[in-house]
Amino acid sequence: MPILHPKRLCELRFMSAACRFFPLVPCIILLFWVAGFAGQLGPRPENYTYSIVNRFPHDPLAFTQGLEWHKGAVYEGTGKFGHSSLRRVDLKTGAVKQRIEYPEDIFGEGITVFLDKIYQLTWKNRILFVYNKDDLSLIETVSYPRQGWGLTHDHRDLIASDGSSTLYFLDPETLVERKRITVQDNGLKIQYLNELEYIDGRIFANIFRSDRIAMINPENGAVEGWIDLSGLRKELRLDNPEAVLNGIMFDKEGDRLFITGKFWPTLFEIRLVPAP
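Residues numbered from 1 in each chain as written. Predicted model: local features only at pLDDT ≥ 70, side-chain atom pairs only at ≥ 80, totals over all residues. Heavy atoms only, no water.

Along the chain, the regular secondary structure elements total three helices and 22 strands. The buried share of the chain, reckoned over its 276 residues, is 50%. Considering only intrachain contacts with a sequence separation of at least 6, the fraction spanning at least 24 residues in the chain is 49%. Carbon and sulfur atoms form 55% of the exposed surface of the chain, whose accessible area is close to 14,100 Å². (Helix = DSSP H or I, 4+ residues; strand = E, 2+ residues; numbered from the N terminus. Buried < 20%, exposed > 50% of the residue type's maximum accessible area, 1.4 Å probe, protein only. Contact = heavy atoms within 4.5 Å. Areas by Shrake-Rupley, 256 points an atom, 1.4 Å probe, with all protein chains shown as cover.)

Spelled out as structure tokens, the structure:
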């Protein structure tokens with residue numbers, strides 16, 4: 001039940017009292033008024049917390065911008081000028097098996113693996129890199145029309161964020177925009193959409209500088225769930241203000257969800273748990 005403004009609450013009490021004396025017409029009006037108010041809101045999102053299934057080492061110097069699982073391999077994109085990279089990482093040890101380093105003027109952002117290619121965005125450079133996933137050889141560098149933040153795909157389109165409340169669906173070959181959605185929670189636009197992961201028909205989006213992940217309907221942008229991961233930062237006891245949550249990875253075959261962040265020393269495998 002939505003919380004009512006005090007003025008509305010007084011009106012409701014008045015009309016309820018009136019129903020005692022005029023039991024028909026005022027009560028019908030009251031029912032229509034309440035129904036109209038509630039009709040302005042959609043279903044409330046589900047709330048989730050988590051349980052930790054496993055912990056794996058993670059490079060504490062990695063400014064994680066994108067994380068992806070593909071056929072047994074972990075791929076990671078990192079950011080910051082002078083420190084940006086694309087990596088293939090060993091899950092169990094956290095060791096970097098292969099790395100592409102960027103020039104100092106490139107700020108790497110989100111990545112996704114689609115078919116045989118790895119796509120990596122850049123923040124303000126307005127370019128997108130496309131690599132061969134098997135050997136990380138560069139296929140092409142493509143002009144990109146906006147800031148790059150997070151990147152994922154739904155097996156048809158690339159899905160990109162730019163730090164706003166908008167998600168863009170792009171043709172993987174041409175990068176032509178096919179559609180866009182505005183992410184909102186019952187009419188409230190959700191800003192700062194960052195790292196993305198497509199999981200079981202929904203888009204999981206990290207909200208920059210928060211400990212929450214939004215679970216988004218890709219058809220209409222409605223937030224259908226919120227995941228509170230604040231306990232992970234408390235466990236790590238991080239005092240670096242830049243060490244924020246920013247890494248979502250899903251192993252579909254193994255049904256495993258992984259979470260990490262910028263400069264985090266740990267990659268967590270978690271299981272979602274409905275919140276009280």
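Further remarks concern the pairing of strand β6 (residues 108–114). Within a regular strand, the side chains alternate between the two sheet faces. Within β6, seven of the seven residues are buried, which leaves it mostly tucked inside the rest of the structure. Bridge count for β6 against strand β7 (residues 117–122) is five bridges, and the pairing is antiparallel. For Phe-114, the partnering residue across the bridge sits in β7 and is Lys-117. Two successive antiparallel strands, β6 and β7, enclose a turn made up of two residues, where Leu-115 displays a positive phi of approximately 55°. (Pairing = 2+ DSSP bridges.)

With nine bridges joining them, strand β1 (residues 46–57) and strand β22 (residues 266–274) adopt antiparallel strand pairing. Bridge pairing in β22 places Phe-56 opposite Leu-267. Inspection of the sheet shows strand β21 (residues 256–261) paired to β22 by three bridges, in the antiparallel sense. Bridging across to β22, Ile-259 finds its partner in Phe-268.

Below, the discussion takes up the sheet that holds strand β18 (residues 212–216). If you trace the eight strands from one edge of the open sheet to the other, you get β16-β17-β18-β19-β1-β22-β21-β20, paired in mixed fashion. Of all the strands in the sheet, the pair left with one neighbour each is β16 (193–199) and β20 (245–251). Strand after strand, the sheet turns through a mean of 30° between neighbouring axes, direction not considered. Here three bridges tie β1 to strand β19 (residues 223–228), and the two strands are oriented parallel to one another. Bridged to Glu-46 within β19 is Gly-225. (Axes fitted to C-alpha atoms, helices over the stretch in contact; angles between N-to-C directions.)

Quick look at the side chain of Ser-84 now. Secondary-structure assignment places Ser-84 in the loop between β3 (73–78) and β4 (85–89). Accessibility expressed as a relative area gives 1% for Ser-84, which makes it buried. Polar side-chain contacts of Ser-84 include one of 3.2 Å to the backbone oxygen of Ile-106. Within the structure, the side chain of Ser-84 is placed 2.8 Å from the backbone nitrogen of Gly-108, a separation counted as a polar contact. Excluding anything up to four places from it in sequence, Ser-84 contacts Thr-78, Gly-79, Ile-100, Glu-101, Tyr-102, Ile-106, Phe-107 and Gly-108. (Polar contact = N/O pair within 3.5 Å; in protein donor to acceptor, adjacent residues only side chain to side chain.)

Right, let's get into the pattern of salt bridges. Overall, the coordinates contain 16 salt bridges when judged by the stated rule. In this structure, the salt-bridge partner of Asp-171 is Arg-178, at a minimum N-O distance of 2.6 Å. (Salt bridge = Lys/Arg side-chain N within 4 Å of Asp/Glu carboxyl O.)

This part takes up the sheet that holds strand β11 (residues 158–161). As a general point, the strands of a sheet are linked pairwise by backbone hydrogen bonds and lie either parallel or antiparallel. Overall, antiparallel pairing links the four strands, which are arranged β10-β11-β12-β13 in an open sheet. In the strand order of this sheet, the two ends are held by β10 (151–153) and β13 (177–182), each with one partner. Strand-to-strand, the axes of this sheet are offset by a mean angle of 25°, without reference to chain direction.

Let us look at the packing of aromatic side chains. By the definition in use, this model includes 10 aromatic pairs. Taking the centre distance of 6.3 Å and the plane angle of 85° together, the rings of Trp-264 and Phe-268 count as edge-to-face. Both residues of the pair, Trp-264 and Phe-268, belong to the buried class. Taking the ring centre of Tyr-144 as reference, the NZ or CZ of Arg-146 above it sits at 5.9 Å. We note Arg-146 situated over the ring of Tyr-168; from NZ or CZ to the ring centre the distance is 3.7 Å. (Phe/Tyr/Trp six-rings, centres within 6.5 Å; stacked < 30°, edge-to-face > 60°. Lys NZ or Arg CZ within 6 Å of the ring centre and 35° of its normal.)

What follows deals with unusual backbone geometry. At Asp-200, a position not held by glycine, the phi torsion is positive, near 50°. As for its position among the elements, Asp-200 is in the loop between β16 and β17 (202–207). Exposure remark for Asp-200: the relative accessible area of 56% places this residue in the exposed category.

Take the confidence of the model for the chain next. Averaged over every residue, the pLDDT of the chain is 89; residues scoring 70 or more account for 85%. The low-confidence segment residues 1–19 (pLDDT under 50) makes 19 contacts with residues lying over four places distant or belonging to another chain. Counting interchain partners and residues more than four positions distant, the pLDDT-below-50 stretch residues 24–39 has 16 contacts. (pLDDT = per-residue confidence, 0-100.)

This part covers the nonpolar core. Judged by nonpolar contacts, the single largest core of 22 residues is most densely connected at Ile-213, Leu-229 and Ile-259. The set of elements that each furnish at least two residues to this core consists of β1, β18, α3 (230–236), β20, β21 and β22. Per-element accounting of this core gives the leading share, three residues, to β20. Those residues in contact with Leu-229, other than ones at most four positions away along the chain, are Tyr-50, Asp-211, Ile-213, Leu-245, Ile-259 and Ile-270. If you look at the next biggest cluster of nonpolar residues, it comprises 15 residues, including Val-183, Ile-190, Leu-193 and Ile-216. (Core = buried A, V, L, I, M, F, W, Y, C linked by side-chain atoms within 4.5 Å.)

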